[in-house]
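# A closer look at the structure
Residue strings, one per chain:
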Amino acid sequence: MNSDPEATARGLVAAMFPQALAGFLGGSVLTQRRTPTSDLDIVVVLPGPPAPYRETRTAGGWVIELFVHTPTSLLHYWDLDAEARRTPLLRMCAEGKVLSEGADEAQRIQRQARRRLAQGPAAPSAVELDRRRYVLTDLLEDVRGCEHHVELAYIASGLMLAASELVLLVHNRWTAEGKWLPRRMEEVDPLDEGPGLAERLVAGLHDVVAQHDKTALERVTLEVLALAGGPLLAGYRADGVDPAALRSPAGPRSRS
């Protein structure tokens, strides 16, 4: 049987990182959505090396995911996640349980993380919205045309994820991966009544896989596309970069 998650996390941080500036226990384990396979996501902030690193280990019957950082590497990886419109590390610090005994630094980091999380991601550009519309429209066309059951299941799965990410982009909200994606969808679902978009996308995927029936998935995908301006195929253009055009016309300079 697994031991108490908070006690396990506190003991592990105290034993492994006596020099820690801050520690946080995050993830699903402290929520009602905890499952028998939930792990302990622990963020530890150290004054310097050996951080930053990530490590997986076990303790007290738990799988432990350690995210070990310095104050500067923590900010750096917050930035990288924010550029991808995802917030796993930021959310662990903002919403997690403070583990460290001297909690002043942990509370400062947590306040900073909460402010940044509440600010939301940068507003999506028209270019990004069009790219996501195009990708989702193209996937929808692939679903409509595909008759191979294995290929269709893979395409439809990708369509469900792309549709979910487009909903969050339209509402300018943080996105996520895995089980956290439908949880983010719950926060912005634009439907006023009946099953939410996430539930309807899953139901449509089930119909495709189990019955080869594309009707429901097509319908909900078109609703998602309508939120972003409608389907987009013909007329879409994405300009690229030729590295040769970035080089100086005079060529490399002499070292003399």
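Structure: see above.
What this report covers is the structure whose coordinates are included nearby. (Residues numbered from 1 in each chain as written. Predicted model: local features only at pLDDT ≥ 70, side-chain atom pairs only at ≥ 80, totals over all residues. Heavy atoms only, no water.)

## Here we look at the overall build of the chain
Under the convention used in this document: Only DSSP runs of H or I covering at least 4 residues are called helices, and only runs of E covering at least 2 are called strands; the numbering of each starts at the N terminus. Here the globule rule is a power law, 2.2 Å times the number of residues to the power 0.38, and the radius of gyration is based on C-alpha atoms. Think of it in three bands: with a 1.4 Å probe and only protein chains considered, a residue is buried below 20% of the maximum accessible area for its type, exposed above 50%, and partly exposed in between. Every residue pair with non-hydrogen atoms within 4.5 Å of one another is taken to be in contact. All accessibility values rest on the Shrake-Rupley procedure with a 1.4 Å probe; residue burial counts only the protein chains present in the view. The positive count covers Lys and Arg only, the negative count covers Asp and Glu only, and His and the chain ends enter neither. A single reference atom marks each charge: NZ on Lys, CZ on Arg, CG on Asp, CD on Glu.
Secondary structure assignment for the chain yields 9 helices and 5 strands. Order of helices (α) and strands (β) in the chain, N terminus to C terminus: α-β-β-β-β-α-α-β-α-α-α-α-α-α. Whereas a compact globule of 256 residues would reach a radius of gyration of roughly 18 Å, the chain reaches 23 Å, over 25% beyond that. When the backbone C-alpha atoms are referred to their principal axes, the chain occupies close to 70 × 60 × 35 Å. Per-residue burial for the chain yields a buried fraction of 39% across its 256 residues. A fraction of 62% describes how many contacts in the chain between residues 6 or more apart in sequence connect residues 24 or more apart. Split by element, the accessible area of the chain, about 14600 Å² in all, is 53% carbon and sulfur. Charge separation in the chain, taken as the distance between the mean sites of 29 positive and 34 negative side-chain charges, equals 6 Å.

## Let's talk about the packing of helix α2 (residues 71-83) against helix α3 (residues 88-95)
Applied cut-off: Axes, fitted as lines to C-alpha atoms, cover a helix only where it is in contact. Angles between the N-to-C directions of the axes lie from 0 to 180 degrees. Oblique is the label for any angle not under 35 degrees, not over 145, and not in the 65 to 115 range, which are roughly parallel, roughly antiparallel and roughly perpendicular in turn. In this count, Pro and Cys sit with the nonpolar residues alongside Ala, Val, Leu, Ile, Met, Phe, Trp and Tyr, while Asp, Glu, Lys and Arg are called charged and the others, Gly among them, polar.
At their nearest, the axes of α2 and α3 sit 8 Å apart, and the two run at 120 degrees to each other. Taken together, the axes of α2 and α3 lie oblique to each other. Residues Leu74, Tyr77, Trp78 and Asp81 of α2 form the contact with α3, whose participating residues are Pro88, Leu89, Leu90 and Cys93. Taken together, the residues of the contact of α2 with α3 break down into 7 nonpolar, no polar and 1 charged.

## Some words on helix α7 (residues 180-188)
The set of residues buried in α7 consists of Leu181, Arg183, Arg184, Met185 and Val188. Check the buried side of α7 and you find it contacts α3, α6 (149-170) and α8 (197-211).

## Things to note about the sheet that holds strand β3 (residues 53-59)
This is how it is decided: The pairing criterion is simple: DSSP has to find at least two bridges between the two strands.
One open sheet holds the 5 strands; their spatial order is β3-β4-β2-β1-β5, and the pairing between them is mixed. The outermost strands of the open sheet, each flanked by one partner alone, are β3 and β5 (97-98). The pairing of strand β1 (residues 22-26) with β5 spans 2 bridges and is classified as antiparallel. Across the sheet, the residue bridging to Phe24 is Val98, located in β5. Its contacts with the sheet place helix α1 (residues 5-16) against β1, β2 (40-45), β3, β4 (62-69) and β5, and it is angled at close to 35 degrees to β2. The strands touched by α2 are β2 and β4; relative to β4, the strand with the most contacts, the crossing angle is about 105 degrees.

## Here's the deal with the pairing of β1
On a regular strand, one side chain projects to one face of the sheet and the next to the other, so that they alternate. Within β1, 5 of the 5 residues are buried, which leaves it mostly tucked inside the rest of the structure. Burial along β1 is two-sided: the face carrying Ala22, Phe24 and Gly26 and the face carrying Gly23 and Leu25 are both buried.

## Points about the pattern of salt bridges
Pairs may arise between side chains of opposite charge once their charged atoms sit close together. Keep this limit in mind: Salt-bridge detection follows one rule: a side-chain nitrogen of Lys or Arg within 4 Å of a carboxyl oxygen of Asp or Glu.
Per the stated rule, a full pass over the model turns up 19 salt bridges. Arg10 is the salt-bridge partner of Glu6, the closest N and O atoms lying 3.1 Å from each other. Here Arg10 and Glu6 lie together in helix α1, a separation of 4 residues that amounts to about one turn. Given a relative accessible area of 23%, Glu6 falls into the partly exposed group. Residue classification places Arg10 among the partly exposed residues on the basis of a relative accessible area of 29%.

## Comments concerning helix α4 (residues 104-119)
Spacing of three or four residues puts side chains on the same side of an α-helix, whose turn is 3.6 residues. Selection criterion: Here the expected length of a helix is defined as 1.5 Å per residue gap, with one fewer gap than residues. Note that the arc is computed from the directions linking the helix axis to the C-beta atoms.
For α4, which comprises 16 residues, the first-to-last C-alpha distance of 23 Å matches the rise-based estimate of 22 Å (1.5 Å per residue) to within 8%. The complete set of buried residues in α4 reads Ala106, Ile109, Gln110, Ala113 and Leu117. The arc enclosing the buried residues of α4, seen along the axis, measures out at 100 degrees, which places them on a common side. More than 90 degrees from the buried face of α4, the exposed residues found are Asp104, Arg115, Ala118 and Gln119. Considering only its buried residues, α4 is in contact with β1, β2, α2, α3 and β5. Of the residues trailing α4, Gly120 is marked for its positive phi of about 80 degrees.

## Description of the side chain of Gln110
For Gln110, the location among the structural elements is in helix α4. Judged by relative accessible area, Gln110 falls into the buried class, the value being 8%. Not counting chain neighbours up to four residues away, the residues in contact with Gln110 comprise Phe24, Cys93, Ala94, Glu95, Gly96 and Val98.

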